[in-house]
There are 2 protein chains.
Amino acid sequence: CPCPLPSGDTALSRLVRRLLSARRSLDLCLFSFSCPQLARAVQLLHRRGVRVRLVTDAQFMGLHGSQIGRLRHAGIQVRHDQHSGYMHHKFAIVDRRMLITGSLNWTAQAIQSNRENVLVVEDAEYVKAFQDEFERIWEEYNPANYTFFSEKQ
Amino acid sequence: CPCPLPSGDTALSRLVRRLLSARRSLDLCLFSFSCPQLARAVQLLHRRGVRVRLVTDAQFMGLHGSQIGRLRHAGIQVRHDQHSGYMHHKFAIVDRRMLITGSLNWTAQAIQSNRENVLVVEDAEYVKAFQDEFERIWEEYNPANYTFFSEKQ
């Protein structure tokens, strides 16, 4: 594989290890997702039987280097917004108990070059607020609820 | 003033109220800052004698609508990175005790159109991690430490 999982004690390897601790579910709400190592970790979880759901931004999912197509092809459920504004969240929830959130977009550029923060929170109050937001978005972006331009007229 | 402070119970008005609770210090670490209402709140604190320090991204501070020039003109201390990567944080620390952080850039577009999150945290462990990062950046971006291309050769 051209993109081995990161080893050692880097910020990226720590993030991957948190993700790989998932046993039942991984809910991802990501503005931009182009980092191959993170995509590989998500695919690995999917193959292990972890229920992965991914929400992303419609305008960024088609950009060069995006991993969204690859993840869809692997059978992972992906939903996206249909607004002109951005779906700008960048968080993950592992097993409905661990929230990983911050300024970091899941791109190679951000990981390599930017000054970023990632918070890992297990406080139930915070996790619930983000899990509720995830469930709202997941329903709102259900393709069954799509509206089309012709219907808006 | 063309940009009154927001009233009512919107996400923006709640954010402004948290900021205006500052009595001694406000440390801002913001990738992008173009929201006039938030700039007005920061200026108000500066006029009240609160010590305001602002770190921002060099590539975004000059963009159309940026409030950085206005804040500098008002006498607020501003420092910026000098890297090609982004200074991508978006956090504020009020009185070294309340951390406000998340996905939200302080732009009108983000506030009006995007799906975003803002966490308010008073847990000392989290606040300290971000305060330490702020102090590191503040020193690193001290103009006295600037290097120039000619020196790198």
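The shown structure was predicted, so the numbers you read here are calculated from the model rather than taken from an experiment.

Calculation criteria
- Residues numbered from 1 in each chain as written.
- Chains lettered and ligands numbered in written order.
- Predicted model: local features only at pLDDT ≥ 70, side-chain atom pairs only at ≥ 80, totals over all residues.
- Heavy atoms only, no water.
- Pairing = 2+ DSSP bridges.
- Helix = DSSP H or I, 4+ residues; strand = E, 2+ residues; numbered from the N terminus.
- Axes fitted to C-alpha atoms, helices over the stretch in contact; angles between N-to-C directions.
- Contact = heavy atoms within 4.5 Å.
- Least-squares fit on C-alpha atoms with pLDDT ≥ 70 in both.
- Polar contact = N/O pair within 3.5 Å; in protein donor to acceptor, adjacent residues only side chain to side chain.
- Salt bridge = Lys/Arg side-chain N within 4 Å of Asp/Glu carboxyl O.
- Nonpolar A, V, L, I, M, F, W, Y, C, P; charged D, E, K, R; others polar.
- Buried < 20%, exposed > 50% of the residue type's maximum accessible area, 1.4 Å probe, protein only.
- Right-handed = clockwise from strand over helix to strand, strands pointing away.

**Remarks on the sheet that holds strand β5 (residues 98-102) of chain B**
Residue and element names in this part refer to chain B.
For step 1, the next point in the chain: Here six strands make up an open sheet; going across it, the order is β3-β2-β1-β4-β5-β6 and the pairing mixed. Strand pairing shows two members of the sheet lacking a second neighbour, β3 (77-80) and β6 (118-121), which therefore form its edges. Averaged over neighbouring strand pairs, the angle between their axes works out to 15° when direction is ignored.
For step 2, the next point in the chain: Those strands touched by helix α1 (residues 11-20) are β1 (25-30), β4 (90-94), β5 and β6, and its axis lies near 150° from that of β5.

**Overview of the relation of the copies chain B and chain A**
For step 1, the next point in the chain: With an axial shift of 0.0 Å and an RMSD of 0.0 Å, the rotation relating chain B to chain A amounts to 180°. Seen this way, the second copy is the image of the first under a two-fold rotation axis.
For step 2, the next point in the chain: Comparing interface residues between copies, 100% of those in chain B also lie at the interface in chain A; the contact surface is shared.

**So, unusual backbone geometry**
For step 1, the next point in the chain: Notably, Arg96 of chain A is not glycine yet its phi reads approximately 55°, a positive angle.
For step 2, the next point in the chain: Positionally, Arg96 of chain A belongs in the loop between β4 (90-94) and β5 (98-102).

**Observations concerning the side chain of Gln67 of chain B**
For step 1, the next point in the chain: Along the chain, Gln67 of chain B falls in the loop between α3 (58-61) and α4 (68-73).
For step 2, the next point in the chain: Polar contacts involving the side chain of Gln67 of chain B include one to the side chain of Arg70 of chain B, which spans 2.8 Å.

**Details of the interface of chain B and chain A**
For step 1, the next point in the chain: Contacts between the two partners involve 27 residues from chain B, matched on the other side by 27 residues from chain A.
For step 2, the next point in the chain: Across the contact surface, chain B and chain A share four salt bridges.
For step 3, the next point in the chain: Arg115 of chain A is the partner of Glu133 of chain B in a salt bridge, and the nearest nitrogen-oxygen pair spans 3.2 Å.
For step 4, the next point in the chain: For the side of chain B that touches chain A, the element with the most residues is helix α6 (residues 124-140) of chain B, which contributes six residues.
For step 5, the next point in the chain: Tallied by class, the residues present in the side of chain B that touches chain A amount to ten nonpolar, eleven polar and six charged.

**Overview of the environment of Leu44 of chain A**
For step 1, the next point in the chain: Inspection of the secondary structure assignment puts Leu44 of chain A in helix α2 (residues 36-47).
For step 2, the next point in the chain: Measuring from C-alpha to C-alpha, the distance between Leu44 of chain A and Asp95 of chain A comes to 15 Å, with 51 residues separating the pair along the chain.

**Here we look at the pairing of β1 of chain B**
Here is the key point about a regular strand: its side chains alternate between the two faces of the sheet.
All names here are of chain B.
For step 1, the next point in the chain: Counting buried positions along β1 gives six out of six residues, so the element sits mostly inside the fold.
For step 2, the next point in the chain: Of the two faces of β1, the one carrying Ser25, Asp27 and Cys29 and the one carrying Leu26, Leu28 and Leu30 are both buried.
For step 3, the next point in the chain: Bridge count between β1 and strand β2 (residues 51-56): six bridges; the pairing is parallel. Note that in β2 the partner of Asp27 across the bridge is Arg53.
For step 4, the next point in the chain: For the handedness criterion, the β-α-β arrangement of β1, helix α2 (residues 36-48) and β2 is classed as right-handed.
For step 5, the next point in the chain: Alignment of β1 against β4, held across five bridges, turns out to be antiparallel.

As far as function goes, none of this settles anything; it's purely spatial.
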